[in-house]
Amino acid sequence: MPKNKGKGGKNRKRGKNEADDEKRELVFKEDGQEYAQVQRMLGNGRCEALCIDGTKRLGHIRGKMHKKVWIAAGDIILVGLRDYQDDKADVILKYMPDEARLLKAYGELPENVRLNEGIAGGLDEDDEGGGDDYIEFEDEDIDKI
């Protein structure tokens, strides 16, 4: 059998559970950067993002965030624009839901941007539709059966 020459296994790759979710300073966009909302994930560290300026760009998730920060459709991200390619951008930061709400309150994001539409929107529709599946029988109906 071959000797193990590596530095560890699967658990080492996962690393420590660094709590980045705690309070961090809100990062605003600078020149050469833009806010965007993820339309869909494409795989291979890429996503399709609709920037606030109205342009749809192909976002490339940087290596520091790859497999550490999970990005899903509907998330608000900060992208770095490329000087030489206008249709591509680099994902710099993913905003947590409370940070995205703060950005909207500060006026950085326009009012027509819907936050958390991927997760919260689906749950609301299921709750309303759940009442249709429930059928209430009277005692008389049960006696007839």
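Rules used in this analysis
- Residues numbered from 1 in each chain as written.
- Predicted model: local features only at pLDDT ≥ 70, side-chain atom pairs only at ≥ 80, totals over all residues.
- Heavy atoms only, no water.
- Helix = DSSP H or I, 4+ residues; strand = E, 2+ residues; numbered from the N terminus.
- Contact = heavy atoms within 4.5 Å.
- Areas by Shrake-Rupley, 256 points an atom, 1.4 Å probe, with all protein chains shown as cover.
- Phe/Tyr/Trp six-rings, centres within 6.5 Å; stacked < 30°, edge-to-face > 60°.
- Buried < 20%, exposed > 50% of the residue type's maximum accessible area, 1.4 Å probe, protein only.
- Pairing = 2+ DSSP bridges.
- Axes fitted to C-alpha atoms, helices over the stretch in contact; angles between N-to-C directions.
- Salt bridge = Lys/Arg side-chain N within 4 Å of Asp/Glu carboxyl O.
- pLDDT = per-residue confidence, 0-100.
- Polar contact = N/O pair within 3.5 Å; in protein donor to acceptor, adjacent residues only side chain to side chain.

## A few points about the overall build of the protein chain
Stage number 1. Helices and strands together make up the secondary structure of the protein chain, namely 4 helices and 5 strands.
Stage number 2. Summarising the internal contacts of the protein chain: among those between residues at least 6 apart in sequence, 53% fall at separations of at least 24.
Stage number 3. Carbon and sulfur atoms form 47% of the exposed surface of the protein chain, whose accessible area is close to 11600 Å².

## Re the packing of aromatic side chains
Each aromatic ring pair is described using two quantities: the centre-to-centre distance and the angle formed by the ring planes.
Stage number 1. This structure, assessed with the given rule, holds 2 aromatic pairs.
Stage number 2. With 6.0 Å between their ring centres and 55° between their planes, F28 and Y106 make a pair best called tilted. Of this pair, F28 sits in the loop between α1 (10-14) and β1 (33-43) while Y106 sits in the loop between α2 (97-105) and α3 (120-133), and the two are 78 residues apart along the sequence.
Stage number 3. With relative accessibility at 36%, the residue F28 sits in the partly exposed group.

## Remarks on the sheet that holds strand β3 (residues 56-61)
Stage number 1. The strand order β1-β2-β3-β5-β4 describes a closed barrel built from 5 strands, whose pairing is mixed. Mean inter-strand twist for the sheet, computed between neighbouring axes without regard to direction, equals 50°.
Stage number 2. The pairing of β1 with strand β4 (residues 76-81) spans 5 bridges and is classified as antiparallel. In the sheet register, Q37 faces β4, and the bridge partner there is I76.

## Considerations on the pattern of salt bridges
Stage number 1. This structure, assessed with the given rule, holds 8 salt bridges.
Stage number 2. The partner of R24 in a salt bridge is E99, and the shortest N-O contact between them spans 2.9 Å. Placement of the pair is R24 in the loop between α1 and β1 and E99 in helix α2, with a sequence separation of 75 residues.
Stage number 3. Among the charged side chains, a salt-bridge network with shared partners connects R40, E48 and K56.

## Some words on the confidence of the model for the protein chain
Caution applies to low-pLDDT parts of the model: their predicted coordinates are not meant to be read in detail.
Stage number 1. Mean pLDDT over the protein chain stands at 79; residues scoring 70 or higher make up 70%.
Stage number 2. Of all helices and strands in the protein chain, the one with the weakest mean pLDDT is α3 (46), whereas β4 scores best (94).
Stage number 3. Considering only residues more than four positions removed or in separate chains, one finds that residues 118-130, a stretch of pLDDT under 50, has 3 contacts.

## Description of the pairing of β4
Stage number 1. A large share of β4 lies buried, amounting to 5 of its 6 residues.
Stage number 2. When β4 meets strand β5 (residues 88-94), the two strands line up antiparallel, connected through 5 bridges. In the strand pairing of β5, V79 is matched with V91.
Stage number 3. Taking the residues between adjacent antiparallel strands as the criterion, β4 and β5 are bridged by 6 residues.

## Topic: the side chain of R57
Stage number 1. In this fold, R57 is placed in strand β3.
Stage number 2. According to the relative accessible area criterion, R57 is buried, its value standing at 4%.
Stage number 3. Polar side-chain contacts of R57 include one of 2.8 Å to the backbone oxygen of D86.
Stage number 4. Those residues in contact with R57 that lie beyond four places of it in its chain are C47, E48, A49, C51, L81, D86, D87, K88 and A89.

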